[in-house]
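Breakdown of the fold
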Amino acid sequence: MREAIIRTISGLLYVSILVASILSSEFIFISLFYLLGLVCLIEMQKLLHLKSYALYGVQALLFYLFSYLKFNQDATILLLFITIFVNLFLVKDLLVVRKIPVFEKKKYIIIIFYLISSVIFLTLIPTIEGVFIPKLVVGIFILIWTNDTFAYIVGKNFGSKKLFERISPNKTIEGFLGGIVFSGIASFFIFYYTQFLTFPIWLGLALILSIFGTLGDLIQSKFKRQAGVKDSGSLMPGHGGLFDRLDSIIFSSPFVYAYLYILDYVS
């Protein structure tokens, strides 16, 4: 009981800080995710048994250029292509190989593109139309939280077929499908109350976040399993590490950005 209360309070505090920062201003939103990304970077280095102070400088430089300055759209699209390629390569490693190879050079590639640049694209999503639109990113977080919550509820109560037992024994196919269905329902209510974007676009976002959010969670679970740890850290009481809470949205963000960019480009 006590653990459940601590978990609930910790979760509510996390959500409150997140939403308040998004609604405050673009600068505060980006700054918060720079700090959250910094914590995730520390946790990820521990998982990969890497200790590089240079990566903190890389994170600061990339955030300054892409998140704060937004200095060049062509460079942003190039970074997007590389980030999506690296993330899809990790999906291949998740599905095909028993153990993700993390030799020295690949550790840096994983951290820079799987983690740092993915967080950067999360900060760029609300300004994809040229102005800061906080309700866009709030809606995206609601979709990912809805998917995670109902994937757990449906899986726990109705799940029988394992989704990827070797990596995450508790995830089920029923839970995965339940997360997609309920995030799809949530997308309608987000469209209805925000009157921003169309319902089919929100539905597409729900599908992308459900699929890639689950893949992101599985990839991080595989890294933790290889490192021999249960959680990426212990910053959030009852939840584990910060990266444990953000892995789904971080992995999904470049795919969400690409989806919205293509829709904006063709329109």
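Looking at an unreviewed UniProt entry, one finds the protein chain named Phosphatidate cytidylyltransferase and attributed to Salegentibacter mishustinae. Its UniProt record gives the protein chain the following Catalytic activity (unreviewed entry) comment, quoted word for word: "a 1,2-diacyl-sn-glycero-3-phosphate + CTP + H(+) = a CDP-1,2-diacyl-sn-glycerol + diphosphate". In UniProt, the protein chain has this text filed under Subcellular location (unreviewed entry): "Cell membrane".

What follows is about unusual backbone geometry. Phi is positive for His49, which is not a glycine, with a value near 55 degrees. Inspection of the secondary structure assignment puts His49 in the loop between α2 (26-47) and α3 (54-69). Unusually for a residue other than glycine, Leu197 sits at a positive phi of about 65 degrees. By secondary structure assignment, the location of Leu197 is in the loop between α7 (173-194) and α8 (199-227).

Residue placement: Val102 occurs in the loop between α4 (73-96) and α5 (104-124). Exposure remark for Val102: the relative accessible area of 25% places this residue in the partly exposed category. Residues Val102 and Ile201, spaced 99 residues apart in sequence, show a C-alpha to C-alpha distance of 36 Å. Those residues within four positions of Val102 in sequence are excluded, and the remaining contacts are Leu48, Lys107, Ile110, Phe223 and Gln226.

Once that is clear, we can look at the nonpolar core. For soluble globular proteins, the rule of thumb is that nonpolar side chains tend to be buried together. By size, the foremost hydrophobic cluster in this structure holds 79 residues, and its most contacted members are Met44 and Phe223. Excluding residues that lie within four positions of it along the chain, Met44 makes contacts with Ile110, Ile111, Tyr114, Leu115, Phe223 and Phe243.

Each pair of packed helices gets described by two things: the angle between the helix axes and the distance between those axes. For the pair α4 and α5, the least separation of the axes is 9 Å and the interaxial angle reads 125 degrees. Between α4 and α5, the interaxial angle falls into the category oblique. Between α4 and α5 the crossing geometry is left-handed. Along its contact with α4, which presents Thr76, Leu79, Leu80, Ile82, Thr83, Val86, Asn87, Phe89, Leu90 and Asp93, the element α5 presents Lys106, Ile109, Ile110, Phe113, Tyr114, Ser117, Ser118, Phe121 and Leu124. Grouping the amino acids of the contact of α4 with α5 by side-chain chemistry returns 12 nonpolar, five polar and two charged.

What the rule picks out here adds up to 22 aromatic pairs. With centroids separated by 5.2 Å and ring planes inclined at 55 degrees, the aromatic side chains of Phe121 and Tyr257 adopt a geometry described as tilted. Pair noted here: Phe121 is in helix α5 and Tyr257 is in helix α9 (residues 242-266), with a separation of 136 residues, a long-range link. An identical accessibility class is assigned to Phe121 and Tyr257; each is buried.

Note on placement: Leu115 falls in helix α5. Note on Leu115: relative accessible area 1%, which makes it buried. Leu115 sits 32 residues away from Thr83 along the chain, and the two C-alpha atoms are 9.1 Å apart. In this structure, Leu115 is in contact with Cys40, Leu41, Met44, Ile110, Phe243 and Ile250, ignoring residues within four places of it in sequence.

Moving on: the pattern of salt bridges. Scanning all chains against the criterion turns up five salt bridges. The closest approach of N and O atoms between Lys70 and Glu26, which form a salt bridge, is 2.6 Å. On the criterion of sequence distance, the pair formed by Lys70 in the loop between α3 and α4 and Glu26 in helix α2 is long-range, its members being 44 residues apart. With a shortest N-O distance of 2.6 Å, Asp93 and Lys106 are connected by a salt bridge.

Calculation rules
Residues numbered from 1 in each chain as written. Predicted model: local features only at pLDDT ≥ 70, side-chain atom pairs only at ≥ 80, totals over all residues. Heavy atoms only, no water. UniProt positions renumbered as here; feature names shortened; annotations may be inferred. Helix = DSSP H or I, 4+ residues; strand = E, 2+ residues; numbered from the N terminus. Buried < 20%, exposed > 50% of the residue type's maximum accessible area, 1.4 Å probe, protein only. Contact = heavy atoms within 4.5 Å. Core = buried A, V, L, I, M, F, W, Y, C linked by side-chain atoms within 4.5 Å. Axes fitted to C-alpha atoms, helices over the stretch in contact; angles between N-to-C directions. Parallel < 35°, antiparallel > 145°, perpendicular 65-115°, else oblique. Left-handed = near helix turned anticlockwise from the far one by under 90°. Nonpolar A, V, L, I, M, F, W, Y, C, P; charged D, E, K, R; others polar. Phe/Tyr/Trp six-rings, centres within 6.5 Å; stacked < 30°, edge-to-face > 60°. Salt bridge = Lys/Arg side-chain N within 4 Å of Asp/Glu carboxyl O.

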